[in-house]
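Spelled out from the first residue to the last, the chains are:
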Amino acid sequence: MQGKEELPELMIGDRYLVSQSRRLADIGGCPTFAAQNVGASGSSCLALAPSSPSPRLPEILMLRHDCLMSVYAHEHSKGALWVICGHPPGPPLTDGFPSWGENQIIEGAVRPLAAILLLMQEAELTCRAIRPDNLFFGSGMNKLVLGPAGLAPPGMHQPLVFEPLSSAVCHPAARGDGTLACDVFSMGVLIVSLCFGEVPLKGLTDEQILERRLQMGSAEAYIGGRSLPDGLASMLWAMLSDDPASRPSPSDLFTMAPSKLFSLRPESPARVPLRIGTVDVWTPRALAWHAARAPVEFSSLLQRQVIASWLRNELKQGRMASLIEQTGGSFLPSSDRKAIDPATLAITRVIAILDPSAPLFWGGRWFWPNALPQMLAYAGSLGDKRQNEERDVSMITSFIMGNPEMFDHPLVPEAQKTQVMELVVLGQRTGVKGPDRIRRLPYDNNPLQVCLSPRCIVDRISQMSGILSWAEQHSSENELPVEGLTRNGLLDAEMRSFLASHFARQRLTSALEAQKAGLPIWNADLILLAAVQRVAEQGAVPAITRRMFPLLKQELRHWRSRTGRAKRRLALEDAVAQGNLTKLLRIAEDPHGLRLDQQTAQRAEQEIARLVHALEPDPDMSARNKRLARNTGEFVSLITGIGVAMTSVWFEFCR
Amino acid sequence: MAKLMRNKGSAATLSVPDIPAFRWWHGIIIGLLLAYTPGSLLVGGVLLLPLVFLRLIDPEADGQRVMVVMFYLGAAMVHPLRVAWSVRGDWATCLSEITQPTILILDWLALGAAWLIAEVGSMGARVWYAESERQRRKAIEARIKALQEEWIQPDSSED
């Protein structure tokens, strides 16, 4: 999104004209603009500007269903992704829930959504966007249509009510991909809302909703006391179960009939609550949540064996209690890992025992390990507040990636273990160490992740060529003073990580060597950008070449030969005019030529030394010359003498 | 030839310059000549006096120089010696020969000519050597300057 005055209209894919000044209500969690198909039809459509689409967006956009808003095109413009789709067929559900009967709900909501979830199940995808503002009335107002999926991070824009507890406790960015069971839960909440004509627990704060759901169970909290249509009640109780395994599968829902019954293992709360801090806790799940909120009180209860006996006596959870008793001892400071506070680790482990479906609790926050790249991306998009958040999330990520064995423990739930291992593999594949590894994670995880540099995040650049265009537009002296250019280079660390990830994806690692080779930073940046220009077949970038010319001219100092320098300077001027970075670099940075130049220079120095030595006055020289001159004189004299003698003899005897 | 001369020259500087090494057979030859042709010996001896003079006044006169001078003196001696030969060493004739001022002047001029030509030649050679050395230095200096300009000095016009 450029400044509106600056760029009011944008052409996408040679067909769609986007009016960036006409912003409409967000669709699919993305800023939405009015657009027009300037092709044959001239019809109006929508242009969506996703900032953090799903890594598997192309697959998701391939899904086709009558009740899923389809996408006409997705194209990059200046490196930013634009998704073009039609207008929703009707108003969103947020405008008001319809008063549908039981059959209408099954035909208009359960079946279509279950069919979409089945499609996703086949493709091993999740939707995570079933919420009123992403559901629209279809034509005829008798069925619901789901907005385009995959355009926002999973669960990011879901209201807390619509998320199962396993992700509701997390920050929206930390909810992770989730599973289809999560989608089934969201669908259950939607259907309850359709039955009641309003969203359950309306008017309560998120904190109150969570508290109530944890204490009573989500289903009880949402439905408790109100009447549901008979045919839907058993299905909804199952869908809203807090145990993912108890929820029906999409195929169960697709074949749904009013008479269908779903069995559910009831979870009974404790007879006597456990008091932690000032709160009474009735369920193990609520205890896990409060353990995270009041770790000091929880630790004290844990050490006094109160928790184990409460579980055993009041909840008849003997197995859970003995597991906690067993593990309690192993978390005492006997561990050789000094870096980890044993109490923190104990809380994490005990939470995993109390609620195996809960996300990971670590470093004071709830999250799913596979959401860490998304959390880093979210932290990067926070603007002024990004530093603290980025530091915390980076520390957590680097700890998890550095200590995967900590999570390879029988008590760590399988889902978390798998996600940690996937994260570790993702990090190890880059072969990068230190903060760069963390910085690259969002880009390695998601090829469509926009560059998180604070300088270009508004431009939503998710293609390498976009960085080059951005640099071309933002390389003036005003934006990048000379000292800044020589000290910090053309790009920043985020942009470099972004490009590094994209190069690695295309197996073009040679461009990345420059970063490690100890070149000046602006020079390494230039090598990266030149590679981008080559790979993306981007046109000329005269602004960058003009800007870099003085610096590259300085580089020519390393050449010893004066004529060589002059020749290269002329060639540089030529390349600057052409805006060709590769050519520019080939002239200024030619290691082979430079080595040859140095060798010739050395030979020239040796020759100079030899010549200077030859110029030094030779002490024997004058004596030698004198003798030589005398010999020459005598030789001349001798020859003349012989001539005279012969003439004399001739005169005497032959005349 | 020059090499040969140089060798000879260096050998001459090593030998004792003023006193020629007389051997026993030198005495026999001179004795026989004194006995049979004292006139011719007188002519030869008087005409060779400039050589003795040269050895006395010129400390640098080595064997090489003597040989050169011998050619000139020889040229001046051809006529008097032939006359002495033709009169079979007649003492009076030989005496008149060596008292003829023309012959004596020619003989001494021959020595002068030999010396002068050698000195002028050596002077010319010295001038020539000096000139060629100057040319060589000029060429080397020009080459050093060119190399330094190309490889050593940073040029101020560039930046």
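About the thresholds
Residues numbered from 1 in each chain as written. Chains lettered and ligands numbered in written order. Predicted model: local features only at pLDDT ≥ 70, side-chain atom pairs only at ≥ 80, totals over all residues. Heavy atoms only, no water. Helix = DSSP H or I, 4+ residues; strand = E, 2+ residues; numbered from the N terminus. Rg over C-alpha atoms; globule rule 2.2 N^0.38 Å. Buried < 20%, exposed > 50% of the residue type's maximum accessible area, 1.4 Å probe, protein only. Areas by Shrake-Rupley, 256 points an atom, 1.4 Å probe, with all protein chains shown as cover. Lys, Arg positive; Asp, Glu negative; His and termini not counted. Charge placed at Lys NZ, Arg CZ, Asp CG, Glu CD. UniProt positions renumbered as here; feature names shortened; annotations may be inferred. Core = buried A, V, L, I, M, F, W, Y, C linked by side-chain atoms within 4.5 Å. Domains from an automatic or database assignment. Contact = heavy atoms within 4.5 Å. Buried area = accessible area lost by both parts, 1.4 Å probe. Salt bridge = Lys/Arg side-chain N within 4 Å of Asp/Glu carboxyl O. Polar contact = N/O pair within 3.5 Å; in protein donor to acceptor, adjacent residues only side chain to side chain. Nonpolar A, V, L, I, M, F, W, Y, C, P; charged D, E, K, R; others polar. Axes fitted to C-alpha atoms, helices over the stretch in contact; angles between N-to-C directions. Parallel < 35°, antiparallel > 145°, perpendicular 65-115°, else oblique. Pairing = 2+ DSSP bridges.

Caption draft 1: Just the overall build of chain A, in detail. A count of helices and strands for chain A gives 27 helices and twelve strands. Relative to the globule expectation of 26 Å for 655 residues, the C-alpha radius of gyration of chain A, 38 Å, shows a markedly less compact shape. Principal-axis analysis of the C-alpha atoms places the extent of chain A at approximately 165 × 75 × 40 Å. Here chain A holds 655 residues, and 52% of them are scored as buried. A total of about 29,500 Å² of accessible surface is found on chain A, and carbon and sulfur atoms cover 53% of it. Where the 68 positive side-chain charges of chain A centre and where its 67 negative ones centre are 5 Å apart.

Caption draft 2: Expanded view of the UniProt feature "transmembrane region" (unreviewed entry) in chain B. Residues and elements named next belong to chain B. UniProt marks residues 24-54, 66-85 and 105-129 with the feature "transmembrane region" (unreviewed entry), using the numbering shown here. Between the end C-alpha atoms of residues 66-85 there is a gap of 25 Å, over a span that is 100% helix and 0% strand. Secondary structure content for residues 105-129 is 100% helix and 0% strand, while the C-alpha to C-alpha distance between its ends is 35 Å.

Caption draft 3: Structural context of unusual backbone geometry. All names here are of chain A. Unlike most non-glycine residues, Lys78 shows phi in positive territory, near 55°. Checked against the element boundaries, Lys78 lands in the loop between strand 5 (71-77) and strand 6 (80-85). Positive phi, close to 55°, is recorded for Lys316, a residue that is not glycine. Locating Lys316 in the fold gives a position in the loop between helix 11 (306-314) and helix 12 (318-330). By relative accessible area, Lys316 is classed as exposed at 59%.

Caption draft 4: A look at the nonpolar core. Residue and element names in this part refer to chain A. Met187, Met235, Phe298 and Ile400 are the most contacted members of the largest nonpolar core, which has 115 residues in total. If one sorts the elements of this core by residue count, helix 4 (residues 180-196) sits on top with ten residues. Both domain 1 (9-85) and domain 2 (359-457) contribute no fewer than three residues apiece to this core. Ignoring any residue separated from it by four or fewer positions in sequence, one finds Ile400 in contact with Leu360, Phe367, Leu372, Phe407, Val420, Leu423 and Val424. Grouped together as the second largest cluster of nonpolar side chains are 45 residues, Leu485, Leu499, Ala511 and Leu551 included.

Caption draft 5: Representation of the side chain of Ser122(B) within the structure. In this fold, Ser122(B) is placed in helix 7 (residues 101-152). Given the relative accessible area of 4%, Ser122(B) is considered buried. In contact with Ser122(B), not counting residues within four places along its chain, are Ala629(A), Arg630(A) and Gly633(A).

Caption draft 6: Up close: the interface of chain A and chain B. Facing 43 residues of chain A, the contacting portion of chain B comprises 41 residues. Overall, the association of chain A and chain B removes approximately 4,100 Å² of surface from exposure, summing both partners, and the carbon and sulfur fraction of that is 61%. Joining chain A to chain B, the criterion identifies four salt bridges. A salt bridge links Arg630(A) to Asp62(B), with the shortest nitrogen-to-oxygen separation between them at 3.4 Å. Across the chain A-chain B interface, the total number found is 17 residue pairs in polar contact (both at pLDDT 80 or more). Taken together, the elements giving at least two residues each to the side of chain A that touches chain B come down to helix 24 (562-578), helix 26 (591-615) and helix 27 (619-654) of chain A. With 23 residues, helix 27 of chain A is the single largest residue contributor to the side of chain A that touches chain B. Considering only residue class, the side of chain A that touches chain B consists of 18 nonpolar, twelve polar and 13 charged.

Caption draft 7: Highlighting the domain arrangement of chain A. You can read the domains of chain A as domain 1 (9-85), domain 2 (359-457), domain 3 (463-590) and domain 4 (621-655). Centre-to-centre separation of domain 1 of chain A and domain 4 of chain A, based on C-alpha positions: 110 Å.

Caption draft 8: The packing of helix 22 (residues 521-535) of chain A against helix 25 (residues 581-588) of chain A, seen in detail. Residues and elements named next belong to chain A. At their nearest, the axes of helix 22 and helix 25 sit 8 Å apart, and the two run at 135° to each other. Regarding the angle of helix 22 to helix 25, the classification is oblique. Mapping the contact onto sequence places Asn523, Leu526, Ile527, Leu529, Ala530, Gln533 and Arg534 in helix 22 and Leu581, Thr582 and Leu585 in helix 25.

Caption draft 9: Structural detail: the sheet that holds strand 2 (residues 16-27) of chain A. All names here are of chain A. Within the open sheet, the six strands sit side by side as 1-2-3-4-6-5. Their pairing is antiparallel. The sheet is open, and its two borders are formed by strand 1 (9-12) and strand 5, each paired with just one other strand. The mean inter-strand angle of the sheet, taken between neighbouring strand axes irrespective of direction, is 40°. Relative to strand 6, strand 5 runs antiparallel, the two sharing six bridges. Across the sheet, residue Ser77 finds its bridge partner in strand 6, namely Ala80.

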